[in-house]
Structure formats: C-alpha cells, structure tokens
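Structural overview for review
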Amino acid sequence: MSVARQRARHGVRFLGLGFRVVLFLAVLVLLRALLRIQTSSPTPSGVSESIKEDGFRVPKVAFLFLVRSNLPLDFVWDTFFKNAQSEKFSIYVHSKPGFVFDASTTKSTFFYNRQLKNSVKVTWGGSTMIEAERLLLKSALVDPANQRFVLLSDSCIPLYNFTYVYNYLMASHKSFIDIFLDKKEGRYNPKMSSIIPEQKWRKGSQWIALVRKHAEMVASDKTVFPMFKKYCKRLAGTEFTRKPRFKVPGQKENDCIPDEHYVQTLFSINGLENEIEKRTITYTSWNQSKDSMDRQAWHPKTFSYADAKPQGIKEIKSVDHVNYEMEHRTEWCKCNSNAVPCFLFARKFSRGAGMRILFDGVVGAFDSGSMRLNS
C-alpha cells in the first residue's frame, strides 16, 4: 500500500474520532444547559404539577371582567396589556346577552370577541350576579394554562404594571378572598340550614382572585348555589328608596345580597378558610354616611379626575393591613409570609380618573393613540 493511501486512511480515522468527540461534547453541553434551566427556573409556588407535565412553560392569569355592556376604561387596560407578555394572560368578558366587543364598541383590540356567548341578564342584588361569575370561571377553566383567576368590574383599574401584578399573583399558592362573620345584618335565611348552617354563613367583597383548584370548586358547585338562588334574595324596594317598605306583622325579613356571601360561605362550608388570604386585592372606598336614608350609602365612592391625583393613588398603594371591626381582627397583607401592599386594583373609577392614572404612568408607558374615540 502506498504511503499516500495510508495517510488518507489515517486521516479519515482521525476525522471520525474528532467528529465523535465533538458530538459527545455537544450533547454534554446540551444536557448541562437543560439541567441549569431546571434548577434556576423553578415553577412558581401554587402552580400545579400538571402544567409541567402538560408542557405549559408559562402559567397565565385569567382576567374576568363582569360588565353591564361595554368597558368604559378599556383604554386603561389597553395600556396595561400592551406592556405585558401575551402568553401570560387571557381575557374573558361577561356582558349583557348579545353585546359584542369589536371595533364599534371598544377602543382596545385586546377585547375583540372576548365576550361570553352564553351570558345572562344580570340584576343587581340577584343570584344572576354569581351565575355570571361562575360562567366566567367555567369559560376560563377550559384553558389549562390559566392558573390564576381575577374577577374585575367595569370600573376597576390596575394600580401597578402587568409584571408586578403577575408576579404578585403567581408568588402565592393561596386565593385572595375578603371574608368575615356576618353578625348584624340578618341576611341569613334559616330555610338554608339543611345545606348552609348559620355558623358557616360569611360575608365579604365579591372581587376575588382564585387559584385554579378553588376556581374549579366554585364553577362546579351544585349544592350551595341552588340554595342561594332559592333563599338569598334582595327584598323588593330596598335599593335607593326613601319610602318605608310594608312589613308583614310577625314575619322576619331577610334582605340578602348573594354576591356578598356566596363565595365566602362556600369556602367556609368546605373548610377552606385556611387556604386563602382573608382579604381582597381590589380597593374600594365606601360612602361613610351613617344616614340610612342617604341614597349613596349603599354604594362605593366613584373616583373623579381630582380624586385620582398621584398622592391619592400612592396612599391606596401604601395600605398594608385591613381592619375587620366586627371580628376585632387586623389582617396584615402578606404573600407567602412576606409583607406586601394590600391592593393590586381599585374601583370605582370614572373615565376622567382613568385618564389621569394613564397620564401619570401608573400602569405602564402611555400611548396617546389609545385615547382616540370611536367614530
């Protein structure tokens, strides 16, 4: 065999060995990178193992809007979502039956066709309010990537940018539910006692934030909701009236507002109060009038442009505890045992107030184009 042919064969062997060494090193580097990802990017507390098993790298927050028709503060939320990563959130809107979110009804493309197609007509103080909430949860639960569920009204605004809100919610494995004993108002109806014992009766704000397993429980409830639908009702003539109602002699009346009791009582009955942060993350300033005839005493204060000044917003964001006088309890706001601001959202805000928080950059970089009115 010639010297040239021997050299060629040795060269081929050398190249083959070199290729195998390079391939081995590449595999080693890849494995090391995967291991680093596993150890440096743990799943946030509270996110179920099924997300990892099903391949969902990023869990989502489902924003559930309960509105009358359109969304007056859509321009605020447009800025909020523009400063977010699209894979980290989803949007669902319960509006009046037949209402469609499109270019003619909203200035934000984020809300296009996000309305539920099976919505119901909602009556204030009626069981249809909690029926609408349950419909929103059922729709959002279809997407297994949704792991946090936040209920919002059409007058809610965010107090922080998306990143802060997302990290706050994902850091906790607990739901946020305002809950306390209802000792004074006499809303409990003894006819519910077979399913709802009086000692389990609770009250609180309807604006809740749930982890997925709790959202599933509320959406699938077939026991407590029927009792509320039948026995927890607002008495006719109690909203904004100055005329005394006719009372039947010897008959006790139960003026019950379902959305202020349902979720709280459901959690109490199921022994889940230790799985929640006992507070809401949505700020509300209630009218302080003690005059029972004051028509505004039933509803929260509406923030105007003047009320939304930076100092006022700063004061809301600085609140770190909530006092429950009826229970002589102070709820210090925590997230996984760490002290945090109590509120992520606030209501009720007018359009003028919404414009001001945009100008002040509360929710992120402001795009003046989001303020264009529909033609």
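All of these numbers come straight from a predicted model, not from anything done at the bench. (Residues numbered from 1 in each chain as written. Predicted model: local features only at pLDDT ≥ 70, side-chain atom pairs only at ≥ 80, totals over all residues. Heavy atoms only, no water.)

**Notes on the overall build of the protein chain**
When you go through the protein chain residue by residue, the secondary structure sums to ten helices and 15 strands. Put simply, 77% of the contacts in the protein chain that link residues at least 6 apart link residues at least 24 apart. Surface accessibility of the protein chain: about 20,100 Å² in total, with carbon and sulfur atoms responsible for 55%. (Helix = DSSP H or I, 4+ residues; strand = E, 2+ residues; numbered from the N terminus. Contact = heavy atoms within 4.5 Å. Areas by Shrake-Rupley, 256 points an atom, 1.4 Å probe, with all protein chains shown as cover.)

**Quick word on the packing of helix α6 (residues 212-220) against helix α8 (residues 262-269)**
A pair of packed helices is characterised by two quantities: the angle between their axes and the separation of those axes. With their axes 11 Å apart at the nearest point, α6 and α8 run at an angle of 105 degrees to one another. Taken as axis vectors, α6 and α8 run roughly perpendicular relative to one another. Residues H214, M217 and V218 of α6 touch α8, and the partners they reach there are Y262, L266 and F267. Counted by class, the contact of α6 with α8 contains five nonpolar, one polar and no charged residues. (Axes fitted to C-alpha atoms, helices over the stretch in contact; angles between N-to-C directions. Parallel < 35°, antiparallel > 145°, perpendicular 65-115°, else oblique. Nonpolar A, V, L, I, M, F, W, Y, C, P; charged D, E, K, R; others polar.)

**Re the confidence of the model for the protein chain**
Averaged over the protein chain, the pLDDT score is 82; the fraction of residues at 70 or greater is 74%. With pLDDT under 50 throughout, residues 237-251 is counted as low confidence; its partners more than four residues away or in other chains account for 17 contacts. (pLDDT = per-residue confidence, 0-100.)

**What to know about the state of the cysteines**
Working definition: the covalent bond between the sulfur atoms of two cysteines is a disulfide. In total, this model carries two disulfides according to the counting rule given. A sulfur-sulfur distance of 1.8 Å marks the disulfide that ties C232 to C256. Disulfide C232-C256: the torsion about the S-S bond is -75 degrees, which places it as left-handed. Of this pair, C232 sits in the loop between α7 (224-231) and α8 while C256 sits in the loop between α7 and α8, and the two are 24 residues apart along the sequence. Judged by its relative accessible area of 0%, C256 falls in the buried class. What pairs with C333 in a disulfide is C342, and their sulfur atoms sit 1.8 Å apart. Disulfide C333-C342: torsion about the S-S bond near 90 degrees, hence right-handed. Here the protein chain pairs its bonded cysteines, counted in sequence order, in the arrangement 1-2, 3-4. (Disulfide = S-S within 2.5 Å. Buried < 20%, exposed > 50% of the residue type's maximum accessible area, 1.4 Å probe, protein only.)

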